[in-house]
Amino acid sequence: MKSEKLATLFNHILKLDERLCLLENLCCVIGRDNKMQFFPSKEKCKSRYNKIDLAQLFYVLMDERILFFDAIDEKNNRSKFQFFIENNFTYAGDGNGQSKIKSISRQFSECKGYTYREKQIVFLQDLIIRLQERKRRIESR
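Worth saying up front: this structure is predicted, and the values here are computed from it rather than measured.

Draft legend 1. Focus on the packing of aromatic side chains. Overall, the coordinates contain 7 aromatic pairs when judged by the stated rule. For the pair F58 and F89, a centre-to-centre distance of 5.0 Å together with 65 degrees between the ring planes defines the contact as edge-to-face. Placement of the pair is F58 in helix α2 (residues 51–63) and F89 in the loop between α3 (74–88) and β3 (90–92), with a sequence separation of 31 residues. Residue F89 is classed as buried on the basis of its relative accessible area, which comes to 11%. When the ring of Y59 is compared with that of F108, the centres are 5.5 Å apart and the planes differ by 80 degrees; the resulting orientation is edge-to-face. With Y59 in helix α2 and F108 in helix α4 (residues 105–112), the pair connects residues that are 49 residues apart, well separated along the chain. Across the pair, F108 and Y59 agree in class, each one buried. Ring pairing ties together the aromatic residues F58, F69, F81, F84 and F89, which thus form one cluster.

What counts, and where the lines are drawn
Residues numbered from 1 in each chain as written. Predicted model: local features only at pLDDT ≥ 70, side-chain atom pairs only at ≥ 80, totals over all residues. Heavy atoms only, no water. Phe/Tyr/Trp six-rings, centres within 6.5 Å; stacked < 30°, edge-to-face > 60°. Helix = DSSP H or I, 4+ residues; strand = E, 2+ residues; numbered from the N terminus. Buried < 20%, exposed > 50% of the residue type's maximum accessible area, 1.4 Å probe, protein only.

If you want it as structure tokens, here you go:
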């Protein structure tokens, strides 16, 4: 009977430790000096892209497995990408002002589907042109 109580106690301690680790991960970031900071910056990375183009950029990087959060579980990876974008980026809204991203799920769905195939092709062509221009600038130095 004592061993059962001891096992239950250890189980509670381990679950508490797991919860504390989860809270720590949610509340802190690692700074440039590799030290933990408990008040993450509210500043977001701004984009010159509109919302759909920003989604397409990250979707391509995710889908081609250039960037990932979860290399095994595609659904989890996509979910984490969407959460990351929503919490860390703004997009070029109307009137050249920056807009917060409340949800990017619909735009990610558009990137996956074939309905918006032409939009994707135009976006990729523009991205390829920009990368080719950058390559030429580097080569000419």
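Having put the structure on the table, let's press on.
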